Amino acid sequence: MRIPRMIPLSFLATVLFLVAVACGGADATPTTPPGPTPTPGAPPGEVANFRFLVSDDVNAIDQFQSLEVSISRIGLLRGGESGKWIEVPPQTPTVDLTQLQGENAEEIWSGTLPEGQYTKVFVYIDSVQGVLTAEPGQTIDVKLPSNKLQLSKSFEIAAGTPLSFVYDLTVIAAGNPKSGIKYILKPQIGESGSAQSFKEVEPTKAIERLKTKGDLAFQLEGDVVPGGAATVTLTYQGIPLPNVLVELDDDLGENLGSTDAQGQLVIQIPIDADEVELETELEGKLKIEYTEGVPSTPEVSGELTLQLDAEAAPGSAVTLTVTHQGTVLPNVPFKLNDERIGVSDALGQLAFQIPLGVLEVELEAELEGKFKLKFREEKIEPQEFEGTITTLTEGAELNSPWTITIPGIEDPVTVYVLEVEDGTPQVGSEVQVKGVFIEGAILDAETKVEASEEDGDEVEGSEGQNVKVTQTENPYVFDPDTYEFELGKTYTLVFEPTGEFHTFNVDELGIEIFVNPGEEVKQEITPSVPGTFKLYCIPHESLGMVGTVTVS
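Please read these numbers as outputs of a predicted model, since none were measured by experiment. (Residues numbered from 1 in each chain as written. Predicted model: local features only at pLDDT ≥ 70, side-chain atom pairs only at ≥ 80, totals over all residues. Heavy atoms only, no water.)

**Brief notes about the nonpolar core**
So, point 1. Grouped together as the largest cluster of nonpolar side chains are 42 residues, with contacts concentrated most on L308 and L363.
So, point 2. When neighbours within four sequence positions are excluded, L308 is seen to be in contact with L286, I288, V318, T319, L320, F352 and L363.
So, point 3. Counting 41 residues, the second largest nonpolar core, distinct from the first, contains I86, V88, V95 and V128. (Core = buried A, V, L, I, M, F, W, Y, C linked by side-chain atoms within 4.5 Å. Buried < 20%, exposed > 50% of the residue type's maximum accessible area, 1.4 Å probe, protein only. Contact = heavy atoms within 4.5 Å.)

This is the structure in structure tokens:
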């Protein structure tokens, strides 16, 4: 998505400052409880004033057949004196990013929020399930630098003006074929915000992929996310099993209920679940005691029914049949006095011989099933590195990656910058980087750049690192109206306060800067394309507010 050329004035009154962070750094969400949480949805008779949508910028998403992201919470930080976090649970907790490419977006929450300024937005991502187009049916691991992803981006909720906020998540491919390609999910700063154009798509139902073990098979469908309602289907050898107790394997050993006639049970997944493990067990026993070689009446217990076709006299041949709720079960293993004697055939039967001289015979059949579902990735701890910048792209201090070389690492490393603490990044600069390193990429990096002699110089025109943009008596003229920059060099444009709103746009260089009345704005640029280009102000181009930018 891209911000359209003609931007509504209601948006132009608010400057959006962009910084993408994964929580844990400065200004992260507080550890103290957040402020009051609004009730999801608008009150009766009232139109919701805020909608939260998720989209995906096209990076590596075209390599995926599906990429399901489960979100448990949305947080918004109010600005000004209130300064409190508001948290809401998503009404659509799972989205498939392959359906949300480009301008496609899906609403996951709508409701009423307090009016005023907001400065940060975060989402808790509990799980990511991806299937590559080249490997259908196989789930691939998609990394998260943290399960809490945050954007610093201002927006304002005003009376009578409903607002839609698009939160863009993107999957990137890191590494190389030699070391292996890894996939990482991160926010996309430039494609998020309240001014993004989007095409809304309808929610799709997510089906979670499960790991099962044991003789009994679980299938789970529905909202397989924390707080969601899902349907469990329990089968054995393809046969649905009714009236089977299903337990949630936690500290309390909670019984969730028993399956119905179709072998199904609707369960509620705990809202705070990191992982869920369900289990069940079926067993059957048949016990006979002998007095002077005379067998007693068989004593039967358990959920499985065991039945002999003849009197179990010592040394006699008998056939044992196993059933559950009147349905015969094949391939059930049997033990006689704790020793395995075989499995039932297609008719649920097993023929064997009663031993001679026994005082007691105990026949056992046992089946069990478990599945385990993990919701949350473990957080990867940040590391510290020192290296040299080899490549910069425009806006590299915030939302564009750097490429650096690091001693001891063979291949160049891509750095996704969260914060530049000191210095100005330039090609050749020595840098200290702290962030999450995942197969050739450092995410959410805090950086320090070794100071250069040019840092701190401030002159008018284009001879220094800092460039002033002022105004003459005519409010619709750039001063100066011509600028000369060097390719790959970083400049700070300093806009002095003006009497009305202006923009500083150079399309070929991707430069689009907004300056509000009475506000001083500083914005760094790094020209990446040589040539001479048109400079213009969006609202005042027709009045002659134009100029030229030359990159040599």
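We are not done yet, so read on.
**Some details on the environment of E519**
So, point 1. Its place among the elements puts E519 in the loop between β41 (511-515) and β42 (521-525).
So, point 2. Its relative accessible area of 24% is what places E519 among the partly exposed residues.
So, point 3. Separated by 18 residues in sequence, E519 and F501 have C-alpha atoms that sit 9.4 Å apart. (Helix = DSSP H or I, 4+ residues; strand = E, 2+ residues; numbered from the N terminus.)

**Points about the sheet that holds strand β33 (residues 413-422)**
Neighbouring strands of a sheet are bound in pairs by backbone hydrogen bonds; such pairs are parallel or else antiparallel.
So, point 1. Taken in spatial order, the 5 strands close into a barrel running β31-β32-β33-β35-β34, and their pairing is mixed. On average, adjacent strands in this sheet sit at an angle of 55° to one another, irrespective of strand direction.
So, point 2. Pairing geometry for strand β31 (residues 383-391) and strand β34 (residues 430-438), over 6 bridges, is antiparallel. Across the sheet, the residue bridging to G387 is V431, located in β34. (Pairing = 2+ DSSP bridges. Axes fitted to C-alpha atoms, helices over the stretch in contact; angles between N-to-C directions.)

**Quick notes on the confidence of the model for the protein**
So, point 1. Taken residue by residue, the protein gives an average pLDDT of 78. The fraction at 70 or more is 79%.
So, point 2. Low confidence marks residues 204-209, where pLDDT is under 50. Its contacts with residues over four positions away, or in another chain, come to 20 contacts. (pLDDT = per-residue confidence, 0-100.)

**Here's the deal with unusual backbone geometry**
So, point 1. Residue D479 is joined to P480 through a cis peptide bond whose omega torsion reads -5°.
So, point 2. Take P480: it is sitting in the loop between β37 (466-469) and β38 (482-485).
So, point 3. A positive phi is found at Q237, a non-glycine position, where the angle reads about 55°.
So, point 4. Mapped onto the secondary structure, Q237 falls in the loop between β16 (229-236) and β17 (239-240).
So, point 5. Positive phi is not limited to glycine here, since N331 has a value of about 55°.
So, point 6. Mapped onto the elements, N331 comes out in the loop between β26 (327-328) and β27 (333-336).
So, point 7. The class of N331 is partly exposed, set by a relative accessible area of 40%.

**Notes on the pattern of salt bridges**
So, point 1. In the structure shown here, the tally under the stated rule is 7 salt bridges.
So, point 2. Of the charged contacts in the structure, one is a salt bridge between R51 and E107, with a shortest N-O distance of 2.7 Å. Here R51 is found in strand β2 (residues 50-56), whereas its partner E107 is found in strand β6 (residues 104-111), with 56 residues between them in sequence.
So, point 3. Ionic contacts of the salt-bridge type, sharing partners, join the residues R51, E107 and E200 into one network. (Salt bridge = Lys/Arg side-chain N within 4 Å of Asp/Glu carboxyl O.)

**Comments concerning a negative patch on the surface**
So, point 1. Together, D215, E281, E303, E366 and E368 make up a negatively charged patch on the protein surface.
So, point 2. Along the chain, E368 turns up in strand β30 (residues 360-374). (Patch = residues over 30% accessible without salt bridge, like charges linked within 9 Å, V, L, I, M, F, W, Y side chains within 5 Å. Areas by Shrake-Rupley, 256 points an atom, 1.4 Å probe, with all protein chains shown as cover. Lys, Arg positive; Asp, Glu negative; His and termini not counted. Charge placed at Lys NZ, Arg CZ, Asp CG, Glu CD.)

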